[in-house]
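As a plain string of letters, each chain reads:
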Amino acid sequence: MSYTLLSSPLQGFTDFRFRNAVNKYFGGIDTYYSPYIRLNGKLVIKASYERDILPENNLDLEVIPQIITNDADEFLFVSKYVQELGYKELNWNLGCPYPMVTKCGMGSGLISNTEKINNILHKVHSESDIIVSMKMRLGYDNTEEILDVLPILETYPIKNVAIHARIGKQLYKGGVHLDAFQECVDNTRLKLYYNGDITSVAKFREMQARFPSIDHWMIGRGLISDPFLPSMIKSDSLEYPENKMELFSAFHDTLYAGYSESLSGSTHILLKMHHLWEYFSVIFSNPHKVAKNIRKAKSIRNYEQTVKEIIKAG
């Protein structure tokens with residue numbers, strides 16, 4: 001069975017620089033979702049959002065923009081904006097689990113409000129021809145919440161629903177709810193994508209066997225931790241390439257150069273790279289030591305030297 005691999009968006013990580021670097025050095029991802037656009041009540045697109053989805057910054061990539069909102073007018077405003085850039089689809093985030101989002105009734109905090117979901121989709125589909133897709137969790141408080149939403153989504157031409165098989169209040173803790181995801185598969189005619197804890201080729205094979213009808217698989221944190229993973233899944237190989245460290249070094253240097261150019265001051269650059277290494281450290285033989293050494297690098301010079309030593313040691 002043929003399948004499609006998608007990059008799940010993570011705020012602060014999977015921007016256009018990251019997407020381009022992954023695509024250049026590793027490949028394997030068919031479609032990338034951009035981190036969400038959030039308007040906060042003002043019908044203005046921030047410059048950082050604009051840069052992230054400008055077609056010239058995503059030349060060799062298939063990218064789908066994403067919005068997080070609980071307001072139909074915001075949805076329509078962003079729909080028009082992305083269409084002017086040439087995009088035909090807008091993904092609606094009902095998955096973000098972070099309290100600063102959910103307390104505002106957005107992301108996974110909106111899943112239980114079926115009336116509002118219906119009203120927004122009704123207005124958007126009445127006033128725009130944008131293709132709408134969804135990115136959701138199973139609920140915020142429990143895994144049953146999504147089962148009340150799916151029948152509403154079926155009344156609209158929703159392209160697909162990507163489900164992260166956790167609930168919002170879990171954040172990223174605890175395991176995925178595979179039985180609850182199966183319940184979604186069994187109770188809707190919507191096109192479903194699977195997302196959650198695809199962190200290795202073995203895990204991907206396990207999920208494929210568990211959900212044979214699913215042919216779209218979304219990789220989030222697993223891609224940041226191990227950018228080799230999508231191409232290894234595609235080649236059905238458990239082996240890393242022989243030039244693993246050479247590839248990773250080139251990937252890191254491209255990212256580092258991009259962020260050094262775009263961020264002001266060593267503090268911001270180091271903070272960005274430290275966050276990335278919390279994930280990158282996983283592919284090294286001693287992840288805890290690697291992460292610790294990176295955290296200890298408090299200057300640009302120390303950081304660059306530390307990275308050289310880590311990569312040399314493999």
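In what follows, the structure referred to is the one given above.
Residue positions are given per chain, counting from 1 as you read along its sequence in written order. Totals for whole chains, interfaces and linings use all residues, but because this is a predicted model, local features are given only for residues with pLDDT of at least 70 and pairs of side-chain atoms are given and counted only at 80 or more. Just so you know, side-chain values use all the structure's heavy atoms and leave hydrogens and water out.

Draft legend 1. Representation of the sheet that holds strand E3 (residues 63–64) within the structure. Paired strands, in this sense, are two strands between which DSSP finds at least two bridges. In this description a helix means any DSSP run of H or I spanning at least four residues, a strand means any run of E spanning at least two, and both kinds are numbered starting from the N terminus. Taken together, nine strands build an open sheet; the order of strands is E3-E2-E1-E9-E8-E7-E6-E5-E4 and the sheet is parallel. The sheet terminates laterally at E3 and strand E4 (66–67), the two strands that pair on one side only. Two elements, strand E6 (residues 131–139) and strand E7 (residues 161–167), share five bridges in a ladder whose sense is parallel. Within the sheet, the bridge partner assigned to Met136 lies in E7 and is Ile163. Contacting E4, strand E5 (89–94) and E6, helix H3 (residues 72–84) crosses the sheet at an angle of about 145 degrees to E5. The criterion used for residue contact is that any of the two residues' heavy atoms lie within 4.5 Å. In this description, a line fitted to the C-alpha atoms serves as the axis of each element, helices being fitted only across the stretch in contact, and the angle between N-to-C directions of two axes falls anywhere from 0 to 180 degrees. Strands E6 and E7 of the sheet are contacted by helix H6 (residues 145–153), whose axis makes an angle of about 160 degrees with E6.

Draft legend 2. Representation of the side chain of Thr188 in the model. As for its placement among the helices and strands, Thr188 is situated in the loop between helix H7 (178–186) and strand E8 (192–195). Classification of Thr188 by relative accessible area gives buried; the value is 14%. Within the structure, the side chain of Thr188 is placed 2.6 Å from the side chain of Glu154, a separation counted as a polar contact. Type-normalised accessible area, obtained with a 1.4 Å probe on protein chains alone, sets the label of each residue: buried when under 20%, exposed when over 50%, and partly exposed for intermediate values. By the criterion applied in these results, polar contacts are pairs of N or O atoms within 3.5 Å in which, for protein atoms, one can donate a hydrogen and the other can accept it, and in which residues neighboring in sequence qualify only through two side-chain atoms.

Draft legend 3. Quick peek at the packing of aromatic side chains. Each pair of aromatic rings taken from Phe, Tyr and Trp, with Trp reduced to its six-membered ring, is defined by centres within 6.5 Å and is described as stacked if the planes are under 30 degrees apart, edge-to-face if over 60, and tilted in the remaining cases. One pass over the full model with this rule turns up 21 aromatic pairs. On the numbers, 4.8 Å between centres and 70 degrees between planes, the contact of Phe26 with Phe228 is edge-to-face. Here Phe26, found in the loop between helix H1 (16–25) and strand E2 (31–33), pairs with Phe228, found in the loop between helix H9 (221–225) and helix H10 (229–234); they are 202 residues apart in sequence, far enough to count as distant. Using a relative accessible area of 1% as the deciding quantity, one classes Phe228 as buried. The interplanar angle of 85 degrees and the centroid separation of 5.4 Å between the aromatic rings of Phe228 and Tyr240 together place this pair among those described as edge-to-face. In this pair, Phe228 sits in the loop between H9 and H10 while Tyr240 sits in the loop between H10 and helix H11 (244–262), placing the two residues twelve residues apart along the sequence. Three or more aromatic residues joined by ring pairs make a cluster, and in this case those are Phe18, Phe26, Phe228, Tyr240, Phe248, Phe251, Trp277, Phe280 and Phe284. Comment: the charge-over-ring label is applied if NZ (Lys) or CZ (Arg) is within 6 Å of the ring centre and within 35 degrees of the ring normal. Taking the ring centre of Tyr240 as reference, the NZ or CZ of Lys244 above it sits at 3.8 Å.

Draft legend 4. Up close: the pattern of salt bridges. Any carboxyl oxygen of Asp or Glu that lies within 4 Å of a side-chain nitrogen of Lys or Arg is treated as forming a salt bridge with it. Tallied over the full model, the rule gives 13 salt bridges. Between Arg166 and Asp197 there is a salt bridge, with its nearest N and O atoms 2.8 Å apart. With Arg166 in strand E7 and Asp197 in the loop between E8 and helix H8 (201–210), this pair connects stretches of sequence that are 31 residues apart. Residue Arg166 is classed as buried on the basis of its relative accessible area of 2%. Assessed through its relative accessible area of 24%, Asp197 is described here as partly exposed. Connected via shared salt-bridge partners are Arg166, Asp197 and Arg221.

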